[in-house]
Amino acid sequence: MSMEKIVSLCKQCGFLFQSSEIYGGLQGFWDYGPLGVELKRNVKESWWKDMVVCHDDMSTLDGAPSPYAMEGLDCTIIMHPQVWKCSGHYDLFHDYMVDCKETKKRYRHDQLNGRWVEAKNQRVFITAAAGDDEVELIEKRAMKFFKIRAKNIEDIKYDGDPICLTEIENLAEVLGPDAKAVGTLTEPREFNLMFKTYVGALSGEEGTAFLRPETAQGIFVNFKNVLDSTRQKLPLGIAQIGKSFRNEITPRNFTFRSREFEQMEIEFFCHPDESQKWYQFWRDRRMAWYHEMGIPEDRLILREHTPDELAHYSIGTADLEYAFPFMAEGEFGELEGISHRGDFDLRSHIEGKLDEKSNPLELQLDENGKPKWKGSGKNLGYRDELTGEKYIPHVIEPSAGADRATLAFLCEAYTEDEQPDENGKMQKRVVMKFHPRLAPIKAAVFPLVKKDGMPEVAKKVYLDLKKQFKVFYDEKGAIGRRYRRQDEAGTPYCITVDGQTLEDQTVTIRDRDTLEQQRVKIDELRDIIQRRIDG
RNA sequence: GCGGGUGUAGCUCAGUGGCUAGAGCGUCACGUUGCCAACGUGAAUGUCGUCGGUUCGAAUCCGAUCACCCGCUCCA
């Protein structure tokens, strides 16, 4: 399935447009058209309904250690700048990068290590990607660079242990990690991954604020407010849907990596001893949700992060990944990450930014031995009323991309098949096989012909259905063409008023996928459609 | 950010320096037909991505720029 066809259909049918298209577009920004906005709303509403509104908090769900509560939240996009300092985004999203002019590769300035090496009257700082094997790598590169064989290895003199490239001032004496010549690295340049803005009339450092790069922090800083106002007990999940912004270096692959995007996140707070079970539960629960919404098992994988990818405080992180058509065969793109975050976030907002690398977690200090970023000092802990136990809850975070999910559903829905035309000849058909819950338009209403009073009856049916569903009325052109047009929009049901309707108040309802028609009473239409959507 | 490709009607594309820029599909109107992309007649739609240059003359040649696609790079 080619991505171009999907992109083309998205524009033609009004699912997605490039942002600011008439001015040439803007990289990494996309607009949802009339069908797209309905689709995305349905994705978000299905998620919200299944995770929050219709959540059964009385029963123990399959695979869960106990019943749990769910609440919702909607926080601001701009928050106190200290939030991002304590969350780690401020440091993490201000990367300095160096480019290699020779190999055209780019490296994080602080992730290259090297050693001063001297041979044949030349002194060069030879670099390699930071890692366990950096010493061997640097030795190999030194031999190659100075053209010295293994038996003459003593001719190479090393000055000190590997140090970070950030400590080197003159890049003209540096050999890049993949370069053959010296001095090919550019000066480090800042890549600001958070969008900056200013609060108040004056621009300047004091008023500097950021557009949130994730919705999660709004939940952490409101954790106490939610507990106090709802009288809920742990375990408790808090859900939020909202826009986030990341100034990605290379937006790519349609809406997959956008600079403005929408997240559907849950922060699930529980007792530390139970956190592993809850992590397992959420992985399975979220996987099952995508299956229910029509993503087949062979196109969705759960990729468990390897231990060296994990922060040490985390029991695990798993990505739910979909086989997007723009990915290479056998490769998958992330839809949702489910991570165990321990008590890192809550503690960072209490005590100050913790050092992710410390074990056990300790406050991150600056050069003067003071806290690098001060926390709120507020008590965000939890006291169990029954046992009297006080603890900082652990957090499981299922974090999904609404735009990525929408894109996955679009890709998954796109189908080309063959159906017979009026002469029985097979014709190609493009049909968007959305799950009825996700379909932008639930039903279309047609009069079979534009005469004999059929349009009048059809319009009445249309207006009645419109009270409950997004429906579409069409009387133009041949009936077959109208069916096909709805197939492209992914409308699951087409209702046709014909000659018989005028006699017995029945209409036909046609199924998008099977093309089968069933005759039903007009009075029962609403119930029938609702039942079919609910499955 | 680098290298390669692309950019002409809503869509797919033709048009390699010369008359008013074309085709198919789609859209709209009228007529006819009446259950899976029908037919006839008529109509609308373009600063040829944008800006600049060369030229008597540019969709076409040159430069810059923007966007998209592919490959690097990056991706809490």
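Residues numbered from 1 in each chain as written. Chains lettered and ligands numbered in written order. Predicted model: local features only at pLDDT ≥ 70, side-chain atom pairs only at ≥ 80, totals over all residues.

> Lay out the overall build of chain A in plain terms, naming residues and giving numbers.
Looking only at helices and strands, chain A features 14 helices and 29 strands. Principal-axis analysis of the C-alpha atoms gives chain A an extent of 100 × 65 × 50 Å. Counting only residues that meet the buried cut, chain A has 34% of its 535 residues in that class. (Helix = DSSP H or I, 4+ residues; strand = E, 2+ residues; numbered from the N terminus. Buried ≥ 20, exposed ≤ 12 C-beta atoms within 10 Å, placed from the backbone.)

> So what's going on with the nonpolar core? Which residues, and what values?
Of all hydrophobic cores here, the largest spans 87 residues; its most connected members are Val445, Val461 and Ile495. If you tally residues by element for this core, the top one is helix H10 (residues 402-413), at six residues. Among all residues touching Val445, those that are not within four sequence positions of it are Ala458, Val461, Tyr462, Leu465, Val471, Tyr473 and Ile495. Judged by nonpolar contacts, the second largest core, of 16 residues, contains Ala119, Ile126, Ala142 and Phe145. (Core = buried A, V, L, I, M, F, W, Y, C linked by C-beta atoms within 7 Å. Contact = placed C-beta atoms within 7 Å.)

> I'd love a proper account of the packing of helix H2 (residues 34-53) against H10, names of residues and values included.
Each pair of packed helices gets described by two things: the angle between the helix axes and the distance between those axes. The interhelical angle for the contact between H2 and H10, taken along N-to-C directions, is 115°, at an axis separation of 10 Å. Viewed along their axes, H2 and H10 adopt a mutual orientation that is roughly perpendicular. When you trace H2 past H10, the crossing you get is right-handed. Residues Leu39, Lys40, Val43 and Lys44 of H2 form the contact with H10, whose participating residues are Ala402, Ala405, Thr406 and Phe409. For the contact of H2 with H10, the residue count by class is five nonpolar, one polar and two charged. (Axes fitted to C-alpha atoms, helices over the stretch in contact; angles between N-to-C directions. Parallel < 35°, antiparallel > 145°, perpendicular 65-115°, else oblique. Left-handed = near helix turned anticlockwise from the far one by under 90°. Nonpolar A, V, L, I, M, F, W, Y, C, P; charged D, E, K, R; others polar.)

> How would you summarise the sheet that holds strand E6 (residues 112-119) if you had to cite specific residues and measurements?
In space, the four strands of this open sheet follow the order E8-E6-E7-E9, with mixed pairing throughout. At either margin of the open sheet sits one strand with a lone partner, and together these are strand E8 (157-164) and strand E9 (174-175). Both strand E7 (residues 122-129) and E9 contribute to a ladder of two bridges, which runs parallel. Bridge pairing in E9 links Phe125 to Val174. Strand contacts of helix H5 (residues 134-146): E6, E7, E8 and E9, with the helix running at about 135° to E7, the strand carrying the most contacts. (Pairing = 2+ DSSP bridges.)

> So what's going on with the environment of Gln111? Residues and values would help.
Position of Gln111 relative to the elements: it lies in the loop between strand E5 (106-108) and E6. Along the backbone, Gln111 and Arg341 are 230 residues apart, and their C-alpha atoms lie at a distance of 24 Å. Those residues in contact with Gln111 that lie beyond four places of it in its chain are Ala129 and Ala130.

> Can you break down the domain arrangement of chain A residue by residue, with the values?
Parsing chain A into structural domains produces domain 1 (3-75 + 211-300 + 330-409), domain 2 (94-191) and domain 3 (441-534). Look at where the C-alpha atoms of domain 2 and domain 3 centre, and you get two points 70 Å apart. (Domains from an automatic or database assignment.)

> Tell me what's going on with helix H12 (residues 479-489), and back it up with residues and numbers.
Within the span of H12, buried status applies to Arg482, Tyr483, Gln486, Asp487 and Ala489. Summarising the axial view, the buried residues of H12 lie within an arc of 165°, below the 170-degree limit, and thus occupy one face. Facing away from the buried side of H12 by more than 90 degrees, the exposed set consists of Gly480 and Arg481. Taken together, the buried residues of H12 touch helix H1 (3-13), H2, strand E24 (426-432), strand E25 (443-447), strand E27 (493-497) and strand E28 (506-511). (Arc of directions from axis to C-beta.)

> Residue-level account of unusual backbone geometry, with values.
With an omega of 0°, the peptide bond between Leu234 and Pro235 qualifies as cis. Locating Pro235 in the fold gives a position in the loop between helix H7 (223-230) and strand E13 (236-245). The backbone phi angle of Lys120 is positive, close to 50°, even though this residue is not glycine. Locating Lys120 in the fold gives a position in the loop between E6 and E7. Within the chain, Leu515 stands out as a residue other than glycine whose phi angle is a positive 65°. For Leu515, the location among the structural elements is in the loop between E28 and strand E29 (517-521).

> Just give me the short version of the sheet that holds E13, but keep the residues and values in it.
Two strands in a sheet stick together by hydrogen bonds in their backbones, pointing the same way (parallel) or opposite ways (antiparallel). Pairing is mixed across the open sheet formed by seven strands, whose spatial order is E3-E13-E14-E22-E17-E16-E15. The open sheet has two free edges, formed respectively by strand E3 (69-73) and strand E15 (300-304), since each of these has just one partner strand. Within this sheet the neighbouring strands show an average axis-to-axis angle of 20°, counted without direction. In this sheet, strand E16 (residues 317-322) lies alongside E15 in antiparallel orientation, the contact comprising five bridges.

> Help me get a handle on the pairing of E7, residues and values and all.
Relative to E7, E6 runs antiparallel, the two sharing eight bridges. Directly across from Val117, in E7, lies its bridge partner Val124.

> Describe in detail the environment of Arg149, supporting the description with residues and values.
Examined against the element boundaries, Arg149 turns out to sit in the loop between H5 and E8. Exposure remark for Arg149: the 8 C-beta atoms within 10 Å place this residue in the exposed category. In sequence terms Arg149 and Glu260 are 111 residues apart; their C-alpha atoms lie 53 Å from each other.

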